[in-house]
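# Coordinate analysis (summary)
Residues per chain are reported as follows:
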Amino acid sequence: LGVANKLRLEECTQLHQAQEIVLVWDVATSYPDLRPRPAWSGRPPSQHQTTAKLQSPVTLGTARGDGRPNPQSCRCDGGAISRRSAARGRTRNQEGRYLAVYFTHAQSLLAPQTQPPEVNNLSLSPKPHLPPGSLFDPIEVEPQCDESKRRRIIDVTFINNELASLELRLNELWNVVDVFYIAESPVPFKPDAPLKPTHLTENWENFEKFHSKMVLNVLPEHASRKVEGARVDTTDWKPNFKVQEKQRKVMWQDLKRLVAPSKDDLIIRADLDELPRPHVIEELACASPDKLRTPICLQTKDSFYYYNYKCHIKNEWTVRPVVQFYHEMDWQECGSSIVNASTHCSSCFGTLDDYHVKSRSNSEAVTKPEMQYVNASIYDRVRGCKDFWLRDQLNEKMEFRDKVEEGSYPLIVAKHPERWPYMLGMGSMYEDKIT
C-alpha cells in the first residue's frame with residue numbers, strides 16, 4: 001500500500017466476515033493524494049479503495065484478487081471515536097504506538113433557520129457548468145439538544161442516475177444526518193432490462209466533499225436476476241416492482257453489515273426525491289423516547305409535485321419518507337404522522353436524457369411505447385404537466401400552477417436556484433426547441 005511498512009499493520013480477523021479492510025491514516029498531512037472511495041459490497045475491485053467509515057476516521061480498504069480481505073494490509077482501530085469530534089485526534093493501536101486519525105469536521109449548526117427567499121420570477125445568471133456533487137453549501141439547522149443526547153440519524157436511499165438530486169439531498173440534510181447510506185445496482189428496476197452504468201460509482205470523485213458521511217453499497221448483479229414473479233405487465237403493477245422490491249430488501253439487509261445501526265438510531269427510509277425537512281429530522285433526533293411513535297410518516301405540505309414545483313398532483317403522498325428504528329424493517333402502518341414534514345418532486349430532471357433513462361429503467365410499465373420515447377411527447381408532458389407514463393386517470397389529478405408555492409420546495413433550491421432551475425420550471429427543458 002505504500003504506507004503499510006511505516007505503520008506495521010496488524011491482522012483484522014473480525015473483518016473477514018464483513019469483506020472489508022480498514023486502515024486509519026492522517027489524511028490532512030501524510031497522504032493527501034489518497035481519495036475516499038465507496039464501501040464496496042460483494043466482490044470489491046482489485047485496486048486499493050478508501051471510504052469514510054461510520055465513526056469518522058477516513059479508512060483505506062483493499063482486497064485480494066479473489067475478493068476476500070488481505071489480512072496483511074489492515075489494522076483494527078480500537079479507539080472510541082465520536083461522531084462529531086474535533087478536527088483531528090489520535091488513537092492507540094494494538095502495539096501501543098499512536099497513529100494519526102482524521103476526524104470529520106463538524107458543520108456549523110448555530111445559525112437560525114431562515115425563511116426561504118421568493119423563487120418566482122427569478123433572473124438566473126449563467127453559471128459555469130459544474131458536475132453534480134461540486135456544490136457543498138449545507139443548510140444550517142438550529143440544534144434542539146446537546147450533542148451527547150442526540151440520536152444518530154441514518155438516511156437510507158437508492159440511486160440510479162439522479163446525481164443532481166443526490167447533491168440536493170446531501171446539502172439539504174447534511175447537518176442533521178450522520179450517515180448517508182446509498183445503494184445502487186447495475187441492474188435496473190425494470191424486469192429483464194439490460195445492465196446499466198453505476199452512475200454514482202463512476203462519478204464518486206465529484207462527491208469528495210461529502211465522502212466523510214457517505215457509505216455506498218453497489219449491489220451485485222446476481223441479487224437482482226431471476227427474481228420470482230418479476231415481469232413487465234401492463235395490466236397488473238405488482239410484477240413490475242418485484243426487482244425493485246428484491247433490491248431494496250438486499251440493501252436493507254446489507255445496512256446491518258455496512259453501517260451497524262444500534263437500537264437507538266433513527267433511520268430515514270425514502271426515495272431520493274422524497275426529502276424530509278431538516279428541522280423535522282433535528283427535532284426527531286432529540287425527541288424523548290416516549291414521544292416517538294414509530295414508524296413516523298413525514299407527509300408533504302399539500303400532496304406532491306411532478307417535473308417541477310409548479311406541476312401539482314392533487315393526491316396526498318403518505319408512503320415515504322418514513323422514520324423508524326432498524327428492528328422495524330418490515331413495512332408497517334404509520335405509528336404517527338407529521339404534516340408538512342417533507343417535500344416530494346417526482347421526475348424532476350434537467351435534461352431530456354434523464355427522462356429517457358427513467359423510461360428504460362423505472363419499474364413502471366410502458367403502455368404506449370409509440371409515444372413514451374418520442375422527444376416531442378416528453379417535452380409536451382413535462383411542459384404541459386401531464387403524466388410521464390401517459391396514464392389518463394392521473395392526468396385528471398394534475399394541475400399547472402402559475403407560480404411556485406412558498407415553502408413547497410427544499411431550502412437548498414431556494415438558496416441556489418441556479419443549481420436546480422428545472423425544479424422551478426426554468427432551464428433547458430423549458431427553453432429548448434421541440435424536435
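Residues numbered from 1 in each chain as written. Predicted model: local features only at pLDDT ≥ 70, side-chain atom pairs only at ≥ 80, totals over all residues. Heavy atoms only, no water.

Under the annotation held in an unreviewed UniProt entry, the chain carries the name Glycosyltransferase family 17 protein and is attributed to Thalassiosira oceanica.

## Concerning helix H4 (residues 242-258)
Under the 1.5 Å per step criterion, the end-to-end length of H4 is 24 Å for 17 residues, consistent within 8% with the ideal 24 Å. Turning to H4, its buried residues are Val243, Gln244, Gln247, Arg248, Val250, Met251, Trp252, Asp254, Leu255 and Leu258. On its buried face, H4 sits against strand S5 (153-158), strand S6 (179-184), strand S7 (214-218), strand S8 (266-269) and strand S13 (322-324). Just past H4, the residue Ala260 takes up positive phi, approximately 55 degrees. (Helix = DSSP H or I, 4+ residues; strand = E, 2+ residues; numbered from the N terminus. Expected span 1.5 Å × (residues − 1). Buried < 20%, exposed > 50% of the residue type's maximum accessible area, 1.4 Å probe, protein only. Contact = heavy atoms within 4.5 Å.)

## Quick look at unusual backbone geometry
In this model, Thr294 is joined to Pro295 through a cis peptide bond whose omega is -5 degrees. Here Pro295 shows up in the loop between helix H5 (278-286) and strand S10 (296-300). Residues other than glycine seldom take positive phi values, yet Lys226 does so here, at roughly 55 degrees. Its location among the elements puts Lys226 in the loop between S7 and H4. For Lys226, a relative accessible area of 86% puts it in the exposed group. A positive phi angle, close to 60 degrees, is found at Ser347, a residue other than glycine.

## Looking at the pairing of S5
Among the 6 residues in S5, 6 count as buried, and that is most of the element. Judged by which residues are buried, S5 turns out to be covered on both faces: Ile153, Asp155 and Thr157 on one side and Ile154, Val156 and Phe158 on the other are all buried. Bridging between S5 and S8 involves 4 bridges; their strand directions are parallel. Of the residues in S8, the one forming a bridge with Ile153 is Leu266. As defined by bridge partners, S5 adjoins S6 across 5 bridges and the pair is classed as parallel. Following the sheet pairing, Ile154 is matched in S6 by Val179. Taken together, S5, helix H2 (residues 163-173) and S6 constitute a β-α-β crossover, and its handedness is right-handed. (Pairing = 2+ DSSP bridges. Right-handed = clockwise from strand over helix to strand, strands pointing away.)

## Brief notes about the pattern of salt bridges
Pairs can form between side chains of opposite charge once their charged atoms are near each other. Evaluation of the coordinates by the stated rule reveals 17 salt bridges. The partner of Arg231 in a salt bridge is Asp233, and the shortest N-O contact between them spans 3.1 Å. Taking the relative accessible area as the measure of exposure, Arg231 reaches 40% and is therefore partly exposed. Between Glu399 and Arg401 there is a salt bridge; the shortest N-O distance is 3.3 Å. (Salt bridge = Lys/Arg side-chain N within 4 Å of Asp/Glu carboxyl O.)

## Focus on the side chain of Thr343
Tracing the backbone shows Thr343 in strand S14 (residues 336-346). The residues contacting Thr343, other than those within four sequence positions of it, are Asp273, Glu274, Leu275, Arg277, Thr300, Tyr309, Ser408, Tyr409 and Pro410.

## As for the packing of helix H6 (residues 352-361) against helix H8 (residues 375-384)
Between H6 and H8, the shortest axis-to-axis distance is 11 Å and the interhelical angle comes to 100 degrees. When the axis of H6 is compared with that of H8, the two are roughly perpendicular. Of H8, the residues touching H6 (which contributes Leu352, Tyr355 and His356) are Asn375, Ile378, Tyr379 and Val382. Of the residues in the contact of H6 with H8, the class split is 5 nonpolar, 2 polar and no charged. (Axes fitted to C-alpha atoms, helices over the stretch in contact; angles between N-to-C directions. Parallel < 35°, antiparallel > 145°, perpendicular 65-115°, else oblique. Nonpolar A, V, L, I, M, F, W, Y, C, P; charged D, E, K, R; others polar.)

## What to know about the packing of aromatic side chains
This structure, assessed with the given rule, holds 14 aromatic pairs. On the basis of an interplanar angle of 10 degrees and a centroid distance of 6.0 Å, the ring pair of Trp174 and Phe180 is categorised as stacked. Accessibility expressed as a relative area gives 1% for Trp174, which makes it buried. Judged by its relative accessible area of 1%, Phe180 falls in the buried class. Taking 5.2 Å as the distance between ring centres and 50 degrees as the angle between the ring planes, the aromatic pair formed by Tyr305 and Tyr309 counts as tilted. (Phe/Tyr/Trp six-rings, centres within 6.5 Å; stacked < 30°, edge-to-face > 60°.)

## A look at the environment of Phe400
Note that Phe400 resides in strand S15 (residues 398-400). Take Phe400: its relative accessible area is 46%, and that puts it in the partly exposed class. Spatially, the C-alpha atoms of Phe400 and Lys310 are 5.8 Å apart, while their sequence positions differ by 90 residues. Contacts of Phe400, omitting those with residues within four sequence positions, involve Lys310 and Cys385.

## Let's talk about the confidence of the model for the chain
Here the chain shows a mean pLDDT of 75. Residues at 70 or above account for 68%. Predicted confidence is poor over residues 1-117, with pLDDT under 50, and the contacts of this stretch with residues over four places away or in other chains come to 241 contacts. Taken as a whole, residues 122-126 scores under 50 in pLDDT and shows 7 contacts with residues more than four places along the chain or in a different chain. (pLDDT = per-residue confidence, 0-100.)

## Describing the state of the cysteines
Under the definition given, this model contains 4 disulfides. Two residues share a disulfide in this structure: Cys345 and Cys348, whose sulfurs sit 1.6 Å from each other. In this structure, the disulfide formed by Cys345 and Cys348 twists by about -50 degrees around the S-S bond and is classed as left-handed. Across the pair, Cys348 and Cys345 agree in class, each one buried. Cysteine pairing for the chain, with bonded cysteines counted in sequence order: 1-2, 3-5, 4-8, 6-7. (Disulfide = S-S within 2.5 Å.)

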